[in-house]
Amino acid sequence: MKLVPPRALIAALAAVLSPCALAASAQAFAIEGVTATPVAPSRGGPLPPSGPFAAGAHPDMRIAVEFDGSGDGRADSVDELQIDLAPGIVANVRNADVCERFDPESTSRTDCGAETIVGEATTNATAYVPIGIPGVIELPGNIPVPLSGSIYRIPSPDPARYPTAFGIDVGPPAPLAPLVRRVKLVSPITVIPHNLGLRASISGIPDEASGLSVHVDSLVQTLYGFTPAGRSFFTNPTACIDAPITVSAVSHAGETTSGTASYRPTDCENVPFGASLTTAADPSTPDSTSAISFDVRPGAGTPERDNSHVRRTTVIAPPGVLLNAALAANLEACTDAGFAQSDTSVPANCPASSEVGTIDFTSPILGNFPGTVYFGTQTPTDRLRLFLDVPLFGAHIKVSATVNPDNATGQVTTVFSDLPQIAFTNFRLTFRGGARSALVTPTTCGENVSQAVVGPWSGGPAIRPTGSFTTAGDCVRLFAPSMGTLVANPQAGATTAFTLSFDRPDRTVPVGSVAFDLPPGLIGSLALRGLTKCSLTNAAAGNCEESSRIGSVQSIVGSGGEPPTLPGSIYLTEPKVPGDPAGLSVKVPARLGPVDAGTVIVGQRLALGADGGLDVVSDPIPALQFGIPLAIRRLIVTVDREGFMRNPTSCGERPAGGVFTPLDGGPGATANSSITVSGCERLPFAPRITGTISGRNATRRGVQPRFTTRITQRAGQAAMRTAVVTLPRALSTNLPTINASCRPEELEQDSCSRRSMVATATAVSPLIERPLRGPTYLVRVGTGLPKLVVQLRGEVSLDLEGIISISRAGTVITTFDRIPDLALSSFTLKFRGRQGALTTVGDLCRRPPLKAAFTGQNGKRASARPRLVVRGCTKATASLRFRGGRGNLSSKVTAPSGKRLRSVSLALPRGLRLAPATVVAKRGKKRLAGRAVRTRGRTVTLRLPRRGAPRTVSMTLRGVTARGGLARRLARRRGPLTVTVKTRQTDGARASLKVRAKLR
């Protein structure tokens, strides 16, 4: 047989095939089957004993696709092909060189080195030849056209869309080379958006060759497990779950079809797994708002198998690395809808103000990609969440994480669960620094160790790599808080708003608790109308009623240059300690931007100090709330309820102090402040005092009378600072009771004897609802006279001390000095009688004066000399009716209860004359005989019988005359007229009274 030269044959075939182009078969386009089979590496390289299906191993991966219409060159043939690899399948293109000379337009074989070849391809096609050529060659209608060649790593056709690409170069065997030219196709590699697997796309697969209609019957692509240099290329998934491979195709006629194959890796229990953790802080100074990064790097694996992919990662920050409240306060959280975690084809639609850090992601296939960390909205179960978005060539790695600070220590744990099955060599999470940093470095210098708990996709146990950074620099941490006080109205004694604050500089030890000694005299009115005290139960639960609110609070917390301010309220509560006037409760809702950290409640003990100033002692101030640091930088408490706070009634600078305890248990610190009060000269000061003697036989010498003294002041006056009370000489101390005085240690132990309790005291203040009451003891002072100790108890506990002394004149003087600046409307001291502290030594019925000298808190002085009110003395009255120069003088005399009169004398003042007067005397209603009446000069004396002696007698002097000016004055009933009445009782007691006559 004579053979026609190939070129002539090709020309002839092209000529005869042209009119037959419309004779294509009506066979439907479909994928008949897909297989995916790992096989032993053809280029050598180690393989685990469990074979090519071993998870993480590097077998050759053979993917075969068969199409319907095989053997029919006229059937509709594939034009575009898309192969989606399962997540976890890795083609490590970084281990292969790039073939720079791959030219898809060239018909010559690609000339690149073996290190650029990553696989091989085989295509089985059928060409249809419609007409045979008798005598030349007997051609059937369809002839097979096998093509084979290599797969190269080539440059990406579009680096912005594809991380890399494969170049497929296949050609026919030599006999068909003149008929079928080489086929070169570019297959870009990208990321599948919905599962982050790899996708290879091929387009422009020819359906003709030299004018002949060609049908692709099957395609086989094999990716090598190793490069010629022994570097791994293809890697099985590291999870022993089905790994689907999906093939989609589009025909030249526009028909679509797809098929799927899968295989399941095995031997997961022997997949190697390792990881390292690197931690860094910038700057690495202590207690700084630094940028802190955590870098998780998976291990390198073994020559036979790759390291398992990471499925779960928990990063535990070093102890002392805390969240910064300043971050959350200025955040706008990203919602789940905005993050759209399930849709990895679109970027996260999160506000810029929700960004809290960055992600640095490095893949052996995809390269290095930066991502963004957003702060997510709070859920009922997760208070703090992070959203991570890393863009990858049209897809996005989207991962959510929970941030769980330890409630007790604040140590930060970040949990990333269900990470995608994707290989990476570096995963660095960096929390931003600066004034609104997410984290704050530890407060101490030295090594700070973090830990990660990393779980593999292979299902093996988690590992715990550690990393650390060292803080150095300014390692001395100070504790230097300061305080401030301010009154809105400086007028002494006036109502005012009061502000108390304390400050702590940044990067210093937080305050753990504080006790304030407020200026003496600065007091709150517990009797304010409408004010209630919140129960301690409601206060602890944060449910105080509005009627107990007395002011507002501003708490500035966090680290850095922009700490947030949390507003709150302060409430008046029931006393925390019995004997205190009340308590306080500070309530601050810890709402930091989108983060609701609950409510911070700090109770305060409120006590009245010995100097009359309020002592405020706080409960421990929490540094953490649900693990979120709320260490106070500045606390401002403003008590501004109308009418509650009152200024001192003493002027000038009034001191205040604070004792601060650090959170770390180190040495404490003190601070001082003051308020300035003025206008004391406008405050009146006019106290009054009364004294009353009572009791059986109280006026008898040697008897211990009951003695009551009462000091009163009107509202609006300056409070009292000192009171000096001098008893009349008719009263002295009772030595047996003085000798029974309580010892100081007994007073301290509340075990004084009943004999030493000589009086009871009652104080009434307009600032408290109920009177204060308590005992008064005589307490020894060295070898001298004892002192009086008054213990007032009630809403306020108040102790007063009176120093007892004896003057040169023998009078008893009691001095109360340093009385607290507390407004009292009355103070009553009742000394008991029998076996009491006082003894009658003189004539009390003369109503001797009680001397008192007072000094006000404003410096003003006052004195008083009221006469004693004596119960149990003789009483006498007198009246004069005067007309025409003559008049009648009547007098009535009554002895004390239980006493009888023996004699009564009445002496007229000068200017009045008896003669020729008539005296009518009566004992009760019975007239006395004339012999019982004796007149001598201006004096009339009644002598009464011992038996049947009366208690009351009366006498009338008729015809009393006066001369001159006295007569005229009496006729006009003007001017005083005093008579002297003297009595002697049957028991020998005598009394002399000056009686002012009533003019009628």
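Just so we're clear, the structure is a prediction, and the values are computed from it rather than from any experiment.

Visitor: Teacher, can you tell me more about the overall build of the chain here?
Guide: Summing up its helical and strand segments, the chain has seven helices and 68 strands in all. Rg of the C-alpha trace for the chain: 55 Å, well past the compact-globule value of 30 Å for 1000 residues, more than 25% over. Within the chain, the proportion of its 1000 residues that are buried is 53%. Sequence-distant contacts, at least 24 apart, represent 68% of the contacts inside the chain between residues at least 6 apart. Carbon and sulfur atoms make up 50% of the accessible area of the chain, which totals about 43800 Å². Counting 110 positive and 71 negative side-chain charges, the chain places the averaged centre of each group 51 Å from the other.

Visitor: Looking at this structure, how should I read the sheet that holds strand β54 (residues 851-856)?
Guide: Pairing between the strands of a sheet is mediated by backbone hydrogen bonds and can be parallel or antiparallel. A sheet is described by the order of its strands in space; here twelve strands give the open sequence β55-β54-β45-β51-β50-β49-β48-β47-β52-β44-β43-β56, paired in mixed fashion. Either end of the sheet is taken by a strand with one partner, and the two such strands are β55 (861-864) and β56 (869-870). Relative to strand β51 (residues 812-816), strand β45 (residues 720-726) runs antiparallel, the two sharing four bridges. Across the sheet, Val724 pairs through a bridge with Thr815, a residue of β51.

Visitor: Honestly, the packing of aromatic side chains in this entry has me stumped. Any pointers?
Guide: For the structure on display, the rule yields 14 aromatic pairs. Ring geometry for Phe29 and Phe67: centres 5.9 Å apart, planes at 20°, overall stacked. Of the two residues, Phe29 sits in the loop between α1 (6-17) and β1 (31-39) while Phe67 sits in strand β2 (residues 60-67), which places them 38 residues apart along the sequence. A residue is classified by how much of its surface remains accessible, and Phe29, at 8% relative accessible area, is buried.

Visitor: Please explain the pairing of strand β3 (residues 78-84) as it appears in this structure.
Guide: For a regular strand, side chains alternate in direction, first toward one face of the sheet and then toward the other. By the criterion of burial, β3 is predominantly enclosed, with five of the seven residues buried. Looking at chain direction, β3 and strand β9 (residues 198-203) are connected through five bridges and run antiparallel. When the bridges of β9 are listed, Leu81 appears paired with Ile202.

Visitor: Just to check I follow, could you spell out the sheet that holds strand β30 (residues 511-517) for this structure?
Guide: Taken in spatial order, the eleven strands make up an open sheet running β28-β29-β39-β32-β33-β34-β35-β36-β30-β41-β42, and their pairing is antiparallel. Where the open sheet ends on each side, the last strands, each with one partner, are β28 (482-487) and β42 (669-677). Here the strands of the sheet are splayed against their neighbours by 20° on average, with no regard to which way each runs. Of the strand pairs in this sheet, strand β32 (residues 549-557) and strand β33 (residues 565-573) are connected by seven bridges, and their pairing is antiparallel.

Visitor: Honestly, empty space enclosed by the protein in this entry has me stumped. Any pointers?
Guide: If a probe the size of a water molecule is rolled over the atoms, the empty space left behind becomes visible. Under the defined criterion, the tally for this structure stands at eight cavities of 30 Å³ or more. In this structure, the largest cavity occupies an estimated 600 Å³ of space. Ile570, Leu584, Val586, Gln604 and Val637 are, among the 43 residues lining the largest cavity, the residues nearest its centre. Looking at the lining of the largest cavity residue by residue, the class counts come to 37 nonpolar, six polar and no charged. Where the lining of the second largest cavity is concerned, the elements lending two or more residues are β44 (706-712), β45, β50 (798-806), β51 and β52 (826-831). Here the residues of the lining of the second largest cavity are counted per class, giving 23 nonpolar, seven polar and no charged.

Visitor: Help me out: how do you make sense of unusual backbone geometry in this one?
Guide: Outside of glycine, negative phi angles account for most residues, and trans bonds account for most peptide bonds. The omega torsion of the bond from Asp282 to Pro283 falls at 0°, within 30 degrees of zero and hence cis. Phi is positive for Asp750, which is not a glycine, with a value near 55°. Along the polypeptide, Asp750 turns up in the loop between α6 (744-748) and β47 (757-764). For Asp750, a relative accessible area of 62% translates into the label exposed. Non-glycine residue Gln835 carries a positive phi angle of around 55°.

Visitor: Please explain the domain arrangement of the chain as it appears in this structure.
Guide: How big an interface is tends to be stated in terms of the accessible area lost upon association of its parts. Its domain assignment divides the chain into domain 1 (31-263), domain 2 (275-471), domain 3 (482-679), domain 4 (688-870) and domain 5 (875-999). Its C-alpha centre places domain 3 at a distance of 37 Å from the equivalent point of domain 4. Tallying the contact residues gives 19 residues for domain 3 and 18 residues for domain 4. Summed over both sides, the interface of domain 3 with domain 4 buries roughly 1300 Å², with 55% coming from carbon and sulfur. Of all residues in domain 3, Leu526, Leu608 and Thr649 bury the most surface against domain 4, accounting for 37% of the area lost on that side. Counting every contact that joins domain 3 to domain 4 gives one salt bridge.

Each value, and the rule that gives it
- Residues numbered from 1 in each chain as written.
- Predicted model: local features only at pLDDT ≥ 70, side-chain atom pairs only at ≥ 80, totals over all residues.
- Heavy atoms only, no water.
- Helix = DSSP H or I, 4+ residues; strand = E, 2+ residues; numbered from the N terminus.
- Rg over C-alpha atoms; globule rule 2.2 N^0.38 Å.
- Buried < 20%, exposed > 50% of the residue type's maximum accessible area, 1.4 Å probe, protein only.
- Contact = heavy atoms within 4.5 Å.
- Areas by Shrake-Rupley, 256 points an atom, 1.4 Å probe, with all protein chains shown as cover.
- Lys, Arg positive; Asp, Glu negative; His and termini not counted.
- Charge placed at Lys NZ, Arg CZ, Asp CG, Glu CD.
- Pairing = 2+ DSSP bridges.
- Phe/Tyr/Trp six-rings, centres within 6.5 Å; stacked < 30°, edge-to-face > 60°.
- Axes fitted to C-alpha atoms, helices over the stretch in contact; angles between N-to-C directions.
- 1 Å grid on protein atoms, 1.4 Å probe; cavity = no way out; pocket = protein on both sides within 12 Å on 5 of 7 lines; lining within 4 Å.
- Points joined across faces, edges and corners; volume = space filled by probe spheres on them.
- Nonpolar A, V, L, I, M, F, W, Y, C, P; charged D, E, K, R; others polar.
- Domains from an automatic or database assignment.
- Buried area = accessible area lost by both parts, 1.4 Å probe.
- Salt bridge = Lys/Arg side-chain N within 4 Å of Asp/Glu carboxyl O.

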